[in-house]
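# Per-entry structural report
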Amino acid sequence: MAKFRYISILLIVFLSACSTTKYLAPRQKLYTGGQVKITDKDIKKSDAKALTDELEALLRPQPNGTILGLRVKLWIYDKTRTNKKRGLRHYLNTHLGEPPVLVSSVDIDKNSSILQNRLQNEGYFLAQVDGDTVGKKKTAKAVYTVQAGPAYHYRSIAFPTANDDLDTAVTATSKQTLLKPGDKFNLDIIKAERVRIDARLKEEGFFYFAPEDLIMRYDSTVAGHQVDMFVKVKDETPDEARWIYSVRNIYVYPDYSIKDTSLMLDSAVKYQWYNVIEPKKDFRPFTFKNSVLLHPGDIYNRTEHTNSLSRFIELGPFKFVKNRFEDVTPDSAKLDIYYFLTQQKKKSIQAEIQLQQTSANYDGTQINVNLKDRNTFKGAELFNITFFGERDLQFGKYNNGYNIYQAGVKPSISWPRFISPFDFKSDNAFIPRTTLSTGYTIINRNKLYTLNSFNASFGYQWKTNIHTQHTLDLEDLTYVDPENVTQLYIDSIHKTRNPALAHVINKQFTFGPSYAYNWTNTMETFKTNTFYYNGKVSLSGNLYGILTGADTLSGKVSKLFGLTFDQYVKLENEIRFYHKLGPNSKLATRFMVDVGLPYGNSTVLPYSQQFFIGGANSLRGFQAHSIGPGGYTLPPNLAQGIGFLPDESGDIKIEGNVEYRPHLFSVVEGALFVEGGNIWLLHSNPFLPGAAFGKNFLSQIAADAGFGLRFNFTVLLLRTDLGFPILEPNHTTVRFGQNGVFNLGIGYPF
């Protein structure tokens, strides 16, 4: 019986594969793709494989796409053919279906010519390509036989020897040349070399120079299939392209409109090295000090100019920036620079409603109202105030009406410069910022307690390059004051003897600096391997605690403003690695190690600073915040009658995730994942046996595995995951498939 079932499945698959050709007209054949065969035996197998892949990618047209060997899109097209211009059938036919690609649409001669041209551009000057079709009754493919011949390599590279400014500057770039003796001739690299030289000369004042002013000549008559390359400035290059230009005057127009036709130079207000022309006086002249990087007398430098354009946009109040160069004194090669800035609306109000799932497995809605003023004090300062309200409902077996309601206000102001007694200078494309933020949030966990949270911070944020960002908060203050703690919650503390429950409603007072470092190149999607790293160190009450001799263990508790403060050092580290397995699949990994060291005035991190694990963006096979700490498990007799899921927290966290992300079809992506980790307390607690970090921590790792789907709508990625625990932190092995946890999220988990 089992054999019959397997034979039936294979038969269905075979018939499905064949059925896509039965709709073809007589003498039509379905095109199944192109194949390149390199016949040269003297080419290395690795080189031949790479060359074959490159050439096959140039072949057109592409055959019908397949999924697991089946032409699913073509099958949909055939099954949903209709003359109607609307309806489900028409939608499936035009959006999910794909018309057949026929052999008659393949131009063998054109493809052969393209392949031969590419081979010659890569140094195979003697290459020959012949193409033909090889077919069956209803299908056919194109086969291209390649006789590449020997590859030509550079014997020597010669740069200009003349003594004028331009020739000398071109020759000075030779140390960084992309053309190396012994390398294979490649036209794409030659073009890139011209662009490289042009980019270098643009840094040295050659404003009118262009890559087309260079000619790259080569002599292929050298014996031994070698090439002599000559880099030369064209004789007809105009004088302007040979001159080194410097800056004369700089003008900034902060309120430019396309209707403006007059330059109004007579109304210019000079500020240090640049001039501001703005009759409305909406901006104080110093506003652009960090944006105008070129100075009068400077040699023109394209990097400083493009960085200036970027900084004008980063100021915030401007939506468009355009510039103009005027060659004002040709005899002495000088430029006047004009920056025309178009403002966006100074003030705006935005309201949004969000459907969300929080890290604690709550589903709910949030309403945000944002008010912005993009030029508060006429210096491009951004004032933002957000009012929000939120209602979260927890579904599942833990739902007994313990819902969460939040409301609050978050005002902040950001200055596009460092506000400091020290003068920090930077000349990259990014504006440094100084930020002052405050906030108040009230959190009501229905039937349990209410928390009033106050926070304020002052600090700096800056980028040293496109990859690296720094955030330094000189002071970050948080005060959490609990109220309306119900008898039900107090009874739960006494019943479970779980200090974590009591810790939630402790008053929390933290103050101190923090520093975060972030490095990423994940925006470079063309790379096979990309990385992301985020590290942060946070301090609270350190210096004041030391000065006052705070030591809770010896009974000396220090206070500030009558409040007991928390004292700790906290380190957070997260690294991600992404590896492209192919054009439509990726392997994503993440590893986190977080450690909090409470001391002096504290024996445990304040609850708001502790670490949690489990949930939609963590270990997806477990309920959010339900794991740990360590190997501790709440005894069943103590858990009875609680009615709600306590949030487990710790001072130490270790977590690792591995996820395979293939693209399936259309907007649908898949995911297979395996994860592991746990949290621990730094110090042992008699009421939480097994919760402290120790030498046996590896045996307390929880693990899960699962799968999911992602619906990538470009502006929104909706994520569904189903995770299954496979290893409990209390040494229990769980059979895969039991106790699955469904997660709904927005965006990738990491």
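Structural data are supplied above this passage.
Residues numbered from 1 in each chain as written. Predicted model: local features only at pLDDT ≥ 70, side-chain atom pairs only at ≥ 80, totals over all residues. Heavy atoms only, no water.

Take the side chain of R719 next. Relative to the assigned elements, R719 resides in strand β28 (residues 717-727). Taking the relative accessible area as the measure of exposure, R719 reaches 1% and is therefore buried. Among the polar contacts made by the side chain of R719, one reaches the side chain of N617 at a distance of 2.7 Å. Of the polar contacts made by the side chain of R719, one reaches the backbone oxygen of G747; its length is 2.7 Å. When sequence neighbours within four positions are dropped, the list of residues in contact with R719 reads A616, N617, R620, L709, R710, N743, L744, G745, G747, Y748 and P749. (Helix = DSSP H or I, 4+ residues; strand = E, 2+ residues; numbered from the N terminus. Buried < 20%, exposed > 50% of the residue type's maximum accessible area, 1.4 Å probe, protein only. Polar contact = N/O pair within 3.5 Å; in protein donor to acceptor, adjacent residues only side chain to side chain. Contact = heavy atoms within 4.5 Å.)

Once that is clear, we can look at the pattern of salt bridges. Applying the stated rule across the entire model yields 27 salt bridges. Residue E193 pairs with R196 through a salt bridge whose shortest N-O separation is 2.9 Å. Taken together, the residues span about one helical turn, with E193 and R196 both in helix α7 (residues 187-202) at a distance of 3 residues. Across the pair, R196 and E193 agree in class, each one buried. The shortest N-O distance in the salt bridge between R620 and E675 comes to 2.6 Å. Highlighted residues: R620 in the loop between β24 (585-598) and α12 (636-639) and E675 in strand β26 (residues 668-680), separated in sequence by 55 residues. Taking relative accessible area as the criterion, R620 reaches 0% and is therefore assigned buried. (Salt bridge = Lys/Arg side-chain N within 4 Å of Asp/Glu carboxyl O.)

Within the element layout of this structure, S540 appears in strand β20 (residues 529-540). Once residues lying within four places of it in the same chain are set aside, the contact partners of S540 are T510, F511, G512, D566, Q567 and Y568.

The end-to-end C-alpha separation of helix α2 (residues 45-56) is 16 Å, in line with the 16 Å expected for 12 residues at 1.5 Å each. Listed in full, the buried residues belonging to α2 are A48, L51, T52 and L55. One side of α2 carries all its buried residues, which in axial view fall inside an arc of 105°. Away from the buried face of α2 by more than 90 degrees, exposed residues S46 and K49 are located. (Expected span 1.5 Å × (residues − 1). Arc of directions from axis to C-beta.)

The sheet built from 3 strands is open, its strands ordered β1-β3-β2 with mixed pairing. Lying at the two open borders of the sheet, with one neighbouring strand each, are β1 (30-38) and β2 (128-135). Going across the sheet, the axis of each strand differs from the next one's by a mean of 20°, ignoring polarity. In the sheet, β1 pairs with strand β3 (residues 139-147) via 7 bridges, with the strands oriented parallel. Residue Y31 lies in a different strand from β3, and its bridge partner there is A140. Docked against the sheet, α2 engages β1 and β3, running at close to 145° with respect to β1. Its contacts with the sheet put helix α5 (residues 108-121) on β1, β2 and β3, and the angle it makes with β2 is roughly 145°. (Pairing = 2+ DSSP bridges. Axes fitted to C-alpha atoms, helices over the stretch in contact; angles between N-to-C directions.)

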